[in-house]
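Given next are the chains, with one letter for each unit.
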Amino acid sequence: MVSLKDIAQRCGVSVATVSKALNGQPDIGENTRVRVLRAADELGYMANAAARALKTNRTYNIGVLFVDNRHSGLAHEFFSTVLDSLRVEAERSGYDITFINSNLGNRPCSILQHCLYRGVDGVVIVTANFRDPMVIELVESELPVVTIDHVFNNRAAILSDNVEGTEALVRYAASMGHRRIAFIHGELTSLTNLRLVGFHRACENLGISVPDEYIRESDYHDTEGCYRVCRELLELPERPDCILFPDDYSYIGGMNAIHDAGLRIPQDISVMGYDGINLSQVISPRLATYRQNTGELGRLSASKLIELIERPKTALLDRVIVSGELLAGESVSRIT
């Protein structure tokens, strides 16, 4: 195994100088630093993780909390893309990731206990029940935490522009002549509340009246629930002419409900989704949807957490908004 002494001999400098160069200390010349780093790379030097942890008081290990009650997560395109970009950014910065849960082997424990047992330097919460006492315990601990698409007052957050995304969909439907627009939203969370604000704000600005019965709730990524709620909307005395679904995946349930009612998309009723997953663009007709920038959500969450870990005195606990884009698709008809 290559040692610091081997690198020092290759470069003709002291072991102390090699150590300073590898640890990014400022009191050596830039030419020397470059020469040491090049030699370390050529010799295949790898720092001992235990020694590095003792020296820096960090394990270079990031915890990822991903609670998926519907068991669709890693196979779901939205989450898989977020998680992959998070992993790539963490590894680029020299960090590994560990999935955190409430079990150690067969022994139950709290999420925070699992984090402490694994020695993670911080945690990204990708998805979870944010009212869960164990999640709240983690958020209120001293560990650096970054949330994705959820806001806690005392934590940094990386957020899709959920207000603008929903507004963009409503504006598009209105531009195609639709006035009876229904919204099936996901379970009430801070994310959902932002989408509801966007929906009502856009309707108000466009002078569109929204009956209470046009606002319905169904869980995210739940095709069965969306099927049921969509049927209820279709059975109203004055059914909507356009339905915005909570996400592209749950729309499949709504699509089946519309077909079972003997209606055609978009000739008889128009539909819109949310997320912009690939599935939405290969079904027929292509779904009008708002594509979230999942790659940027994952990358920024890792980058922000590493900033909080490495520069705790200067890093801001801010909220970063990530914009997406409207995909017009073919599922919204023009009403003349």
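Within each chain, residues carry numbers counting from 1 in the order of the written sequence. In keeping with the predicted nature of the model, local features appear solely for residues at pLDDT of at least 70, side-chain atom pairs appear and are counted solely at 80 or more, and the whole-chain, interface and lining totals rest on all residues. Processing note: side-chain calculations cover all non-hydrogen atoms of the structure and skip hydrogens and water entirely.

Undergrad: I'd like to hear about the layout of surface pockets, residue by residue, with values.
TA: A cavity here means a set of 1 Å grid points, computed over protein atoms only, where a 1.4 Å probe fits but cannot escape. A pocket is an open set with protein on both sides within 12 Å along at least 5 of 7 lines, and lining residues have an atom within 4 Å of a point. Grid points are joined across faces, edges and corners, and a volume is the space filled by probe spheres set on the points. Reported here for the largest pocket is a volume of approximately 760 Å³. As for the largest pocket, its lining consists of 26 residues, of which Thr127, Ala128, Glu187, Thr189 and Tyr220 are closest to the centre. Put simply, DSSP H or I for four residues or longer makes a helix, DSSP E for two residues or longer makes a strand, and each gets a number counted from the N terminus. Elements supplying a minimum of two residues to the lining of the largest pocket: α5 (77-92), β5 (122-127) and α9 (190-206). Each residue is assigned to one class: nonpolar for Ala, Val, Leu, Ile, Met, Phe, Trp, Tyr, Cys and Pro, charged for Asp, Glu, Lys and Arg, and polar for all the others, Gly among them. For the lining of the largest pocket, the class distribution of residues is ten nonpolar, seven polar and nine charged.

Undergrad: Describe in detail the pairing of strand β6 (residues 145-148), supporting the description with residues and values.
TA: Residue exposure (1.4 Å probe, protein chains only): buried if accessible area is under 20% of the type maximum, exposed if over 50%, otherwise partly exposed. Here β6 shows no split at all, with Val145 and Thr147 on one side and Val146 and Ile148 on the other all buried. Whether two strands pair comes down to DSSP finding at least two bridges between them. In terms of strand pairing, β5 meets β6 through three bridges, oriented parallel. Each residue of the ladder has a partner; that of Ile125, found in β6, is Thr147. The handedness of the β5 to β6 crossover, carried by helix α7 (residues 133-139), is right-handed. By the bridge criterion, three bridges tie β6 to strand β7 (residues 156-160) in an arrangement that is parallel. Across the sheet, residue Thr147 finds its bridge partner in β7, namely Ala157. Seen with its strands pointing away from the viewer, a crossover is right-handed if its path from the first strand over the helix to the second goes clockwise.

Undergrad: Kindly report on the packing of aromatic side chains, identifying the contributing residues and their values.
TA: In this scheme Phe, Tyr and Trp rings, the latter by its six-membered ring, pair at centre separations within 6.5 Å, and the angle between planes marks the pair as stacked below 30 degrees, edge-to-face above 60, and tilted otherwise. Taken as a whole and assessed by the stated rule, the structure comprises seven aromatic pairs. When the centroid spacing of 5.5 Å and the interplanar angle of 40° are considered together, the rings of Tyr274 and Tyr290 count as tilted. Remark: Tyr290 occurs in strand β12 (residues 289-291) and Tyr274 occurs in the loop between β11 (270-272) and α12 (278-282); sequence separation between them is 16 residues. Taking relative accessible area as the criterion, Tyr274 reaches 2% and is therefore assigned buried. What makes Tyr290 buried here is its relative accessible area of 4%. Connected via pairs of aromatic rings, a cluster forms that spans Phe66, Phe78 and Phe79.

Undergrad: With reference to specific residues and values, describe the packing of α5 against helix α13 (residues 294-310).
TA: Helix axes are fitted only over the stretch in contact, all axes being lines through C-alpha atoms; the angle between N-to-C directions runs from 0 to 180 degrees. Interaxial distance between α5 and α13 falls to 7 Å at its minimum, and their mutual angle equals 40°. When the axis of α5 is compared with that of α13, the two are oblique. Viewed along their axes, α5 and α13 form a crossing whose handedness is right-handed. Together, Phe78, Thr81, Val82, Ser85, Leu86, Glu89 and Ala90 of α5 and Thr294, Gly295, Leu297, Gly298, Arg299, Ser301, Ala302, Ser303 and Ile306 of α13 make up the contact between the two elements. Residues that form the contact of α5 with α13 fall into these classes: seven nonpolar, seven polar and two charged. Should an angle lie under 35 degrees it is considered roughly parallel, over 145 roughly antiparallel, and from 65 to 115 roughly perpendicular; all remaining angles are considered oblique. Each crossing gets its handedness from the near helix: less than a right angle anticlockwise from the far helix is left-handed, clockwise is right-handed. Only heavy atoms enter the contact rule, under which two residues are in contact if any of them lie within 4.5 Å.

Undergrad: How would you explain α13 if you had to name every residue and give the values?
TA: The length a helix should cover is 1.5 Å for every residue beyond the first. Its 17 residues give α13 an end-to-end C-alpha distance of 25 Å, which sits within 8% of 24 Å, the value for a rise of 1.5 Å per residue. All of the buried residues along α13 are Thr294, Leu297, Gly298, Leu300, Ser301, Ala302, Lys304, Leu305, Ile306, Leu308 and Ile309. Packing partners of the buried residues in α13 comprise β1 (61-66), α5, β5, β6, β7 and β13 (319-322).

Undergrad: How would you sum up the sheet that holds strand β2 (residues 96-100)? Please name residues and give values.
TA: What the six strands build is an open sheet, ordered β2-β1-β5-β6-β7-β13; its pairing is parallel. At either end of the open sheet lies a strand with only one pairing partner, and these are β2 and β13. Strand after strand, the sheet turns through a mean of 20° between neighbouring axes, direction not considered. Contacting β1, β2 and β5, helix α6 (residues 111-118) runs over the sheet at an angle of about 150° to β2.

Undergrad: Account for unusual backbone geometry, naming residues and giving values.
TA: Put simply, Ile265 and Pro266 share a cis peptide bond, and its omega is 0°. Note that the residue after Ser284, namely Pro285, is joined by a cis bond; omega there is 0°. On the secondary structure map, Pro285 appears in the loop between α12 and β12. With phi around 55°, Tyr60 is a residue other than glycine that occupies positive phi space. Inspection of the secondary structure puts Tyr60 in the loop between α4 (49-56) and β1.

Undergrad: Let's hear about the pattern of salt bridges: which residues, and what values?
TA: Any carboxyl oxygen of Asp or Glu that lies within 4 Å of a side-chain nitrogen of Lys or Arg is treated as forming a salt bridge with it. For the structure shown, the criterion picks out 17 salt bridges. When the shortest N-O distance is used, the salt bridge between Arg201 and Glu167 registers 3.8 Å. Taken together, the residues span a long stretch of sequence, with Arg201 in helix α9 and Glu167 in helix α8 (residues 162-175) at a distance of 34 residues. The partner of Arg264 in a salt bridge is Asp268, and the shortest N-O contact between them spans 3.1 Å. For Arg264, a relative accessible area of 47% puts it in the partly exposed group. One salt-bridge network, in which partners are shared between bridges, spans Glu164, Glu167, Arg171 and Arg201.

Undergrad: Lay out the sheet that holds strand β8 (residues 181-185) in plain terms, naming residues and giving numbers.
TA: Spatial strand order, β9-β8-β10-β11: four strands in an open sheet with parallel pairing. Either end of the sheet is taken by a strand with one partner, and the two such strands are β9 (215-217) and β11. Across this sheet, the average inter-strand angle for adjacent strands is 20°, counted without regard to direction. Relative to β9, β8 is paired through three bridges, and the arrangement is parallel.

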